[in-house]
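Working through the structure, step by step
One letter stands for each residue in the lines below.
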Amino acid sequence: ALVEALRSAIDAYTQLIESEIGGRPIATFKLAKPLISEDGSHLVNVIEIPSPKEGSPYPAGLEHVEFVIGDGSHSSPINNDVHQSAFVSWMEKYPAVDWNTKAKDKECNPDISTKIDLADFGNISVKFHLMPLENVISFELAS
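Criteria and thresholds
Residues numbered from 1 in each chain as written. Predicted model: local features only at pLDDT ≥ 70, side-chain atom pairs only at ≥ 80, totals over all residues. Heavy atoms only, no water. Pairing = 2+ DSSP bridges. Helix = DSSP H or I, 4+ residues; strand = E, 2+ residues; numbered from the N terminus. Axes fitted to C-alpha atoms, helices over the stretch in contact; angles between N-to-C directions. Buried < 20%, exposed > 50% of the residue type's maximum accessible area, 1.4 Å probe, protein only. Core = buried A, V, L, I, M, F, W, Y, C linked by side-chain atoms within 4.5 Å. Contact = heavy atoms within 4.5 Å.

Two strands pair when backbone bridges link them, and strand β1 (residues 13-21) and strand β2 (residues 24-36) are joined in this way by 8 bridges, in the antiparallel orientation. Bridged to I21 within β2 is R24. Where β1 folds back on β2, the antiparallel hairpin that results is connected by 2 residues, among which G22 adopts a positive phi of roughly 60°. As defined by bridge partners, β2 adjoins strand β3 (residues 43-50) across 7 bridges and the pair is classed as antiparallel. From the neighbouring strand, I36 faces β3, where its bridge partner is L43. Connecting β2 to the antiparallel partner β3 that follows it, the hairpin turn spans 6 residues, and G40 within it adopts a positive phi of roughly 80°.

Let's shift gears to the sheet that holds strand β4 (residues 64-68). Taken in spatial order, the 3 strands of this open sheet run β4-β6-β5, and their pairing is mixed. Among the strands making up the open sheet, the edge pair consists of β4 and β5 (112-118). On average, each strand axis in the sheet is inclined to that of its neighbour by 25°, with strand direction left out of account. Relative to strand β6 (residues 122-129), β5 runs antiparallel, the two sharing 7 bridges. Opposite I116, over in β6, you have I124 as the bridge partner.

Turning to unusual backbone geometry, a few remarks are in order. The phi dihedral of N109 falls on the positive side, at around 55°, and the residue is not glycine. Take N109: its relative accessible area is 14%, and that puts it in the buried class.

Examined bridge by bridge, β4 and β6 share 5 bridges and lie parallel to one another. Looking at β6, one finds that V65 is bridged to V126. Where β5 hands over to β6, the hairpin turn is made up of 3 residues, counted between the paired strands.

Turning our eyes to something else, we now look at the nonpolar core. Judged by nonpolar contacts, I69, F87, M91, W99, I112, V126, F128 and L130 together constitute the single largest core of 8 residues. Of all the secondary structure elements, the ones that give two or more residues to this core are α2 (81-93) and β6. Setting aside residues no more than four positions away along its own chain, V126 makes contact with V65, F67, I112, S113, T114 and I116.

Here you go:
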């Protein structure tokens, strides 16, 4: 229902892509006007609306968030030494965090993640990448 609502609000959103990822459809939208954090230090200009994973239902709402670490200037989401070095540096900067590194060796758009508990959403995943999602989508569409 949310995907349909976003599709019909074309003045507020542009659909970048809808594809199957990990066995489920995911629609990605670019906001016409980004959401800005209270302190102005972060903005959200792309949102993904995933269908629930088979056998892994979750309540409607926030499933995970993704942040770009570094300056976001990496030209390729293909995993390389730059990605690995940035992830190691980031994890060393925050040694008290319980890091999940299972996706850091993915060929395309690798990430590291952790879990946090949010009162309104429950236990969610927080993922860290080196490229903005919009740039990853552009790269994949051009390939």
